[in-house]
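Below, each chain spelled out in residue letters.
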Amino acid sequence: MKPPPFAYHAPTTLAEALDALADVGTDGKVLAGGQSLIPLLNMRLAAPGHLVDVNGVAGLDHVSVDASGVRVGALARHADVEADDDAAAAVPLLRQGLRLVAHPVIRNRGTTVGSLAHADPSAEMTAALALLGGSVTAASTAGRRTISAADFFVGPLESSLRTGELLVDAHFPRPPAGSGTAFTELARRHGDYAMCGVAALVTLDDDLRVTAARAAYLSVAPVPLVLDLTEAVAGRTPDTADFDAAGRLVRGRLDPEGDIHATAEYRAHLAEVLTARALREAAGNAVRR
Amino acid sequence: MATRMFGMPVQRTEDERLITGKGGYLDDLGAGAYAAAFVRSPHAHARVRDIDVTGALDVEGLVAVYTHEDLSGPMAEPLPLLIPHPAILDGRTPYALAKEYVHYVGEPVVMVVARDRYVAEDAVGRIAVDYETLDPVVGIEAAARAERVVHAGMSDNVAAHLVQEVGDARAAIAAAPNRIELDLDIERSACTPMEGRGVYARWDGRDAMLRLYSSTQTASGVRAAVAAKLGLQLGQVEVVVPDVGGGFGVKIVHPWPEELMVPWAARALGHEVKWAEDRREHFTAAAHERAQRQHVTVGFDDEGRLLGLDVDILHDNGAYLPYGIIVPIVTSTQLLGPYKPGAYRVEFRSLYTTTAIVTPYRGAGRPQGVFAMERTMDAIAAHLGMDRADVRAANFIQPEEMPYDQGLLFQDGRPLIYDSGDYPASLEKIKKLVGWDDFTAYRDAARAEGRKVGIGLACYVEGTGPGPYEGGHVQVETSGKVRVATGLTTQGQGHQTALAQIVADELGVPMSDISVTTGDTRRMPYSVGTFASRGAVMSGSAVALAARRLKEKALRIAADALEADAEDLEIVDGRVQVRGTPSAGIELGTVAVLSNPLRYAFDEASKAATQFTGAADYTRPPVAADDEPGLEGTDFYSPLRSTFASGMHAVVVETDPETAEIRILRYCVVHDCGKLVNPLIVEGQVHGGVAQGVAGALYERMEYDSGGQLLNASFMDFLMPYASEVPKVEIDHLETPSPLNPLGIKGAGEAGVIPGAAVIAAAVEDAEGFAITRMPVSPSELFHLRRRFDKGGIAPLPGAYSRTGEANA
Ligand SMILES: Cc1cc2nc3c(=O)[nH]c(=O)nc-3n(C[C@H](O)[C@H](O)[C@H](O)COP(=O)(O)OP(=O)(O)OC[C@H]3O[C@@H](n4cnc5c(N)ncnc54)[C@H](O)[C@@H]3O)c2cc1C
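These numbers come from a predicted model, not from an experiment. (Residues numbered from 1 in each chain as written. Chains lettered and ligands numbered in written order. Predicted model: local features only at pLDDT ≥ 70, side-chain atom pairs only at ≥ 80, totals over all residues. Heavy atoms only, no water.)

1. Regarding the overall build of chain B
Of the regular secondary structure elements, chain B holds 19 helices and 31 strands. A compact globule built from 809 residues would reach a C-alpha radius of gyration of about 28 Å, and chain B, at 29 Å, matches this within 12%. The C-alpha extent of chain B, read off along each of the three principal axes, is 95 × 75 × 50 Å. Buried positions account for 61% of the 809 residues belonging to chain B. For chain B, contacts bridging at least 24 residues in sequence account for 80% of all contacts bridging at least 6. With an accessible surface of roughly 29,700 Å², chain B has 50% of that area assigned to carbon and sulfur atoms. (Helix = DSSP H or I, 4+ residues; strand = E, 2+ residues; numbered from the N terminus. Rg over C-alpha atoms; globule rule 2.2 N^0.38 Å. Buried < 20%, exposed > 50% of the residue type's maximum accessible area, 1.4 Å probe, protein only. Contact = heavy atoms within 4.5 Å. Areas by Shrake-Rupley, 256 points an atom, 1.4 Å probe, with all protein chains shown as cover.)

What follows is the structure, given as structure tokens:
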């Protein structure tokens, strides 16, 4: 479990980093927190000829909050984002999801943007970005582009990031006024990737009636899937809405795969149960806001 | 009198060093050594057609590449079958490097030695082995069906077959008023110590001496095995065991192929060589345990008393049988627990499969045996509508029946005779601790709220401290410091503390003056090893006996010096003094000086022992004919047979009605390991054991696919529980001394793990209302069991087990 040989690049500015990525092309990989990449190297499941370590690049570790939402720089660690009270106030789903990402030591090192770049459909942050309709900014020597979550996640561990591009930040928009969110999941062990997880967003009008209910799913689809479940609960108040019916609405709209930890049937069942739980909690949070 | 240390909850003296990063483990040694890595079989079963190493030869830093063709003499022969047994029909063992066939994924085929492990792995990646793949045999069913065989030259996969019988069990069952049958299934788990295996060898060509460091549970065993394979005299091999980051059984196996190849290569190259196993190697190429299928037929009376018990076991021993059949022997004998089975018949077949070998893992076959017996007890209770604790009580061996002969032969080849124990008292304690009698009300109240809770109980008896022997050596330095050595090794059990406590009491010296060395053949060449909960019983007794010898000598010398009668002397705080007149005394260190008559004075202390000091007695030689110089004592402890510890666990679980998550609400333990040397250490052992019991019940399993690939060879997918999954453990002790050893102690190392699967299955069953017959059980599986139950595919309790019994009921 030692990595194969690679050339190591340690740029200190964004320009250097982008030059290095342009130079090494398809034979290069960005190294951020290393929590996903290093295990892949050690198990020799990946063998890039070049690693471009961006940890020394200045100006990428910001977590900034404005009226539109939270912008997370490429080097902000999961733990930084989780600890940021302004970010948690603006987009509560971030902290709700981050406390479910692995364990504190991994969150201290792993980056939120790295998690998005990794595009793991079992990751909490990919689901959060998808649910909120967020976006990422990619930079290369050719310039910058903004990619919406819907366009970014293409398949398991597959994104629309191009060779030579670095993700510089991600934008998590504030949910609409009157909204509440919740994150609930079931993992075999505390901190493991979930067998199934649901991030939910419920929006209420001034009379506390549901106007929108959406949920994003982890570990049950090849990409962070978002389902609109408004029809099951529209017009009801949080205590009269039938969230179990919303859960049943999920049936047939997911086609999870089974693995050694959970069969496909069990995952589908969990998606139903957790949908109801997450929506109920999100609606409760919407009332409290 | 100084405070007695024996029985005190002394903080472990080794902990500060170990938990502040000051431990010295195998991979901390040998910074200048070459690194070894192995090309391992990617196939579960194949013939090696050709090995092409040319691709690796230009890797910079490569030192050597070895295949089986490079080996000769004993090294080219199969590894030893360590523990032979007449029931072994065809005992196959691997080669140090695969000869023609490979029989599991991970089997070493080629050894690479290089400048460092990175380079070694690069070279490994460039060696091309051409395999002709053969049919894998995975799982007990496939092995038993024997449509495919693992080993060429065998007509089936049966490595061993053993029947033991006391009375006529089948007749007793046939005549019994009630009869039920159970089919039970336990899956594979493994020890998975934090530190994997590791070997570091230094060959000194000038002295023709090998110094071998190994992360092992037996220094003396490795020494003898390596000497035999490398054609060396025992005196040419020293084995030193550094700090070991856990063993749990896997490191008692020896010699591992790597443990032979590393010193062999060090000698061949004239250079230090080291191999530190990585996690993936440990998963695929070390050892696993547990997997068994059991068929139980039991006959019993209307009070739940056993009349006859017939158990048929299929045991998966993996690809080879280097450690013999200890595990199924332990299962088939320890299954009986604290009970009188009436007539008993047990039959097992140990089967080859094309998977990693199966050797003892903490509990060593007992968790499976206890699973069979305790599931049977619960089934009887369900069948008769009796309280589960009452059924157990009806079958207990009573304290006044001790010693109790079960009429079988145990794993040490000696009679299975329980030395002592008080099972009714343990049952009372566990019922009180967990609140057994109040639980029905709690369960009913929970059910009314839509919650599912259940309680389980499981009992075990554990044969501990088997022989043949261990030794102790205790020496008082002229400084007064005491050095203690015993041959068995330590993997974190706290031997340094517990053995020092024993010696402190025996000698009357403070613990801070005592240092303990384990697992170093230079200090104690005669030893067996650390396994079967034998450390405290065997080495504890041995160092106590050795200290007594030393004390006798110290008193004799001091009596001369003090012109007193040895009978009137005592040792307090490292000083020999006249009882009642503490001013008349002499330091133990000074006694050590006097014990060794000298010609040369090299410091102030030694001056006192030279020829012209003191009053000489010209009628006696300086060292008497029946005496030796020095203040030392050596002794060995060899027990008549094993001593039997026991315990009972009770657990309360809650299962989520929607998600089928299983949560442990309470985990209670009553534990009897005789006299406690150190309650803190014993409780720590119980905690660790319970953690592994919970692991085996709810989390861990080795997932082989039908092709023999291990799908979860990492801690990401092999679900060793984290601290967050391990429940708080509530412990109560009972101390029934063992009459067999000088300290009255029994082993405690494995106890905590033993009833884990049984007790959790019982509690889940109680919560769900249908039988749990397969462990481990995951939420996903429980979800599917519920579905089957809802569709009528599983009978509800009681009566869930009754198939053949119904007619009689
Ligand atoms: C034991 C363990 C448990 C875990 N459990 C969870 C969990 O429950 N949920 C969860 O979401 N995650 C989990 N993770 C993953 C963790 O969140 C990772 O940190 C994260 O997925 C990747 O972030 P990183 O900064 O470590 O990225 P790295 O490992 O450095 O990189 C990952 C990939 O993304 C690419 N990349 C990284 N940053 C950029 C960038 N700025 N631009 C372009 N490409 C980039 C890299 O090239 C690489 O391909 C776990 C990890 C471990 C080790």
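2. Things to note about the interface of chain B and chain A
Counting residues at the interface gives 32 residues for chain B, matched by 24 residues for chain A. Between chain B and chain A, roughly 2,600 Å² of surface is buried when both sides are summed, and carbon and sulfur atoms account for 56% of that area. Among the ionic pairs, Asp656 of chain B bridges to Arg277 of chain A, the shortest N-O distance being 3.2 Å. Put simply, chain B and chain A have 19 residue pairs in polar contact (both at pLDDT 80 or more) between them. Those elements giving two or more residues to the side of chain B that touches chain A turn out to be helix H2 (117–125), helix H7 (279–285), helix H17 (679–699) and helix H19 (779–790) of chain B. Considering each element in turn, the side of chain B that touches chain A owes the most residues, 5 residues, to H19 of chain B. (Buried area = accessible area lost by both parts, 1.4 Å probe. Salt bridge = Lys/Arg side-chain N within 4 Å of Asp/Glu carboxyl O. Polar contact = N/O pair within 3.5 Å; in protein donor to acceptor, adjacent residues only side chain to side chain.)

3. Quick look at helix H12 (residues 439–448) of chain B
Residue and element names in this part refer to chain B. Three or more residues of H12 are buried, namely Phe439, Arg443 and Ala446. Down the axis of H12, the smallest arc covering the buried residues is 65°, so these residues share one side. The exposed set on the far side of H12, more than 90 degrees from its buried face, consists of Ala441 and Ala448. Where H12 is buried, its residues contact helix H10 (388–395), strand S20 (452–464), strand S28 (643–655) and helix H18 (756–768). Gly450 lies just past H12 and shows a positive phi near 85°. (Arc of directions from axis to C-beta.)

4. A word on the pairing of strand S18 (residues 404–409) of chain B
Residue and element names in this part refer to chain B. Sheet topology note: the S18/strand S19 (residues 415–418) ladder contains 3 bridges and is antiparallel. For Leu409, the partnering residue across the bridge sits in S19 and is Pro415. Between S18 and S19, which pair antiparallel in sequence order, lie 5 residues; one of them, Gly413, sits at a positive phi of approximately 80°. (Pairing = 2+ DSSP bridges.)

5. Details of the site of the ligand
All names here are of chain A. Taken together, 30 residues are adjacent to the ligand, and Val30, Gly34, Leu37, Thr111 and Glu124 come closest. Backbone polar atom of Leu167 to a nitrogen atom of the ligand: 2.9 Å apart, as the coordinates give it. For the ligand, the accessible surface in isolation is 960 Å², of which the surrounding protein chains cover 90%. Across the shell around the ligand, the residue classes tally to 16 nonpolar, 11 polar and 3 charged. Mapped onto the domain boundaries, the shell around the ligand takes at least three residues apiece from domain 1 (1–54 + 63–174) and domain 2 (179–288). (Near = heavy atom within 4 Å. Nonpolar A, V, L, I, M, F, W, Y, C, P; charged D, E, K, R; others polar. Domains from an automatic or database assignment.)

6. Considerations on the domain arrangement of chain A
Accessible area lost upon the coming together of the parts serves often as the stated size of an interface. Residue and element names in this part refer to chain A. In terms of domain boundaries, chain A breaks down into domain 1 (1–54 + 63–174) and domain 2 (179–288). Here the C-alpha centre of domain 2 lies 25 Å away from the C-alpha centre of domain 1. Summing both partners gives a buried area of about 1,800 Å² for domain 1 against domain 2, and 64% of it is carried by carbon and sulfur. Interface area lost by domain 1 to domain 2 is led by Pro121, Ser122 and Leu131, which between them contribute 32%. Between the two partners, domain 1 and domain 2, sit 0 salt bridges. Counting every contact that joins domain 1 to domain 2 gives 7 residue pairs in polar contact (both at pLDDT 80 or more). Elements with a contribution of two residues or more to the side of domain 1 that touches domain 2: helix H5 (92–98), helix H8 (124–132) and strand S8 (153–155). In terms of residues, the side of domain 1 that touches domain 2 owes the most to one element, H8, which gives 6 residues. For the side of domain 1 that touches domain 2, a count of residues per class yields 13 nonpolar, 7 polar and 3 charged.

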